[in-house]
Amino acid sequence: MDLHHYLPYLAVAWMAYFIAVISPGPAVLALINTSMTKGRAAGMAFATGIMTGSVCWACLSAIGLAALIAAYAELLIVIKIAGGLYLLYLAWKAFRSAASRDDALKNMSGTGSETLRRLYLKGLALHLTNPKAIFIWISLVSLGLPSGAPPSIMAVYIVGCLSIGLLSLNAMALMFSASPVVKGYQKARRYIDAAMGAFFAFAGVKMLTMSV
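Residues numbered from 1 in each chain as written. Predicted model: local features only at pLDDT ≥ 70, side-chain atom pairs only at ≥ 80, totals over all residues. Heavy atoms only, no water.

Draft legend 1. Structural detail: the overall build of the protein. When helices and strands are counted, the protein shows nine helices and zero strands. Reading the secondary structure of the protein in the N-to-C direction produces α-α-α-α-α-α-α-α-α. Relative to its full complement of 212 residues, the protein shows a buried share of 41%. Surface accessibility of the protein: about 11100 Å² in total, with carbon and sulfur atoms responsible for 70%. (Helix = DSSP H or I, 4+ residues; strand = E, 2+ residues; numbered from the N terminus. Buried < 20%, exposed > 50% of the residue type's maximum accessible area, 1.4 Å probe, protein only. Areas by Shrake-Rupley, 256 points an atom, 1.4 Å probe, with all protein chains shown as cover.)

Draft legend 2. Spotlight on the confidence of the model for the protein. Averaged over every residue, the pLDDT of the protein is 79; residues scoring 70 or more account for 78%. Per-element averaging of pLDDT across the protein places helix H4 (residues 65-71) at the bottom with 58 and helix H6 (residues 116-128) at the top with 91. Throughout residues 103-111 the model reports pLDDT below 50, and contacts reaching past four residues in sequence, or to other chains, amount to 18 contacts. (pLDDT = per-residue confidence, 0-100. Contact = heavy atoms within 4.5 Å.)

Draft legend 3. Quick look at the side chain of His127. Tracing the backbone shows His127 in helix H6. In contact with His127, other than residues within four places in its own chain, are Ile50, Gly53, Ser54, Trp57 and Ala133.

Draft legend 4. Seen up close, the nonpolar core. Among the nonpolar cores identified, the biggest contains 41 residues, and Leu31, Leu126, Tyr157, Leu169 and Phe200 are the most heavily contacted of them. Every element with two or more residues in this core is listed here: helix H1 (3-22), helix H2 (26-38), helix H3 (40-62), helix H5 (73-99), helix H7 (131-144), helix H8 (151-176) and helix H9 (179-209). In terms of residues, this core owes the most to one element, H8, which gives eight residues. The contact partners of Leu126, leaving out residues within four places of it in the chain, are Pro26, Ala27, Ala30, Phe46, Tyr86, Leu87 and Leu90. (Core = buried A, V, L, I, M, F, W, Y, C linked by side-chain atoms within 4.5 Å.)

Draft legend 5. Spatial organisation of the environment of Phe176. With respect to the secondary-structure elements, Phe176 resides in helix H8. Placed 144 residues apart in sequence, Phe176 and Ile32 show a C-alpha to C-alpha distance of 6.1 Å. Residues in contact with Phe176, not counting those within four places in the same chain, are Ile32, Ser35, Met36, Val181 and Val182.

Draft legend 6. Main features of H9. Counted at 1.5 Å a residue, the expected span for H9 with its 31 residues is 45 Å, but the 39 Å between its end C-alpha atoms falls short. Within H9, the axis deviates most sharply at Ala188, by approximately 85°. Listing the buried residues of H9 in full gives Val182, Tyr185, Arg189, Asp193, Met196, Gly197, Phe200, Ala203, Gly204 and Met207. (Expected span 1.5 Å × (residues − 1). Bend = angle between axes of the 7 residues up to and from the residue.)

Draft legend 7. Quick look at the environment of Tyr86. Here Tyr86 lies in helix H5. The exposure class assigned to Tyr86 is buried, which follows from its relative accessible area of 17%. Between the alpha carbons of Tyr86 and Phe200 there is a distance of 9.2 Å; along the sequence they are 114 residues apart. Residues in contact with Tyr86, not counting those within four places in the same chain, are Lys122, Leu126 and Thr129.

Written as structure tokens, this is what we have:
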């Protein structure tokens, strides 16, 4: 494996992936909200779920996801509908929280109503039902792997993306679960939840109405 030859391509693709990971979107905003309201462990579990979903799309892209989409276009429509409805569900939860007069945060010790396993699965579901993630991975694979690249380079690329994503998202979970951030959230909880709800509602409607 001539890794040195492919490093310039990989470096550009890894940078593009890093920007995509930290850019505001449904997954990132849900991670921030989870970290602020449920604590560090919850945020890290949610982040791990997101990255598991990302790796699933990465592996599918490596084996020719574009061809699969062309052959089974109906599957993408199902994913789009599921993703849009899930985002609208998150919007409803956020609006309900914003309307609540109780501004006490949920138990921060990780023993609240949602287990870490459930939060992990929520992060996984959010990413697996996002059609945009599919096309981002197809684009990134094309960017990072020139024609004729061996499978070993694809493996290096995916491992690199996994490392970047885990470090970036877990760093965000740590940052947004910090005490000063949580205190700020407590003061502005209803406004933040309303803004989150508006974003999720917009993203959900956009996902349901976009063409695929």
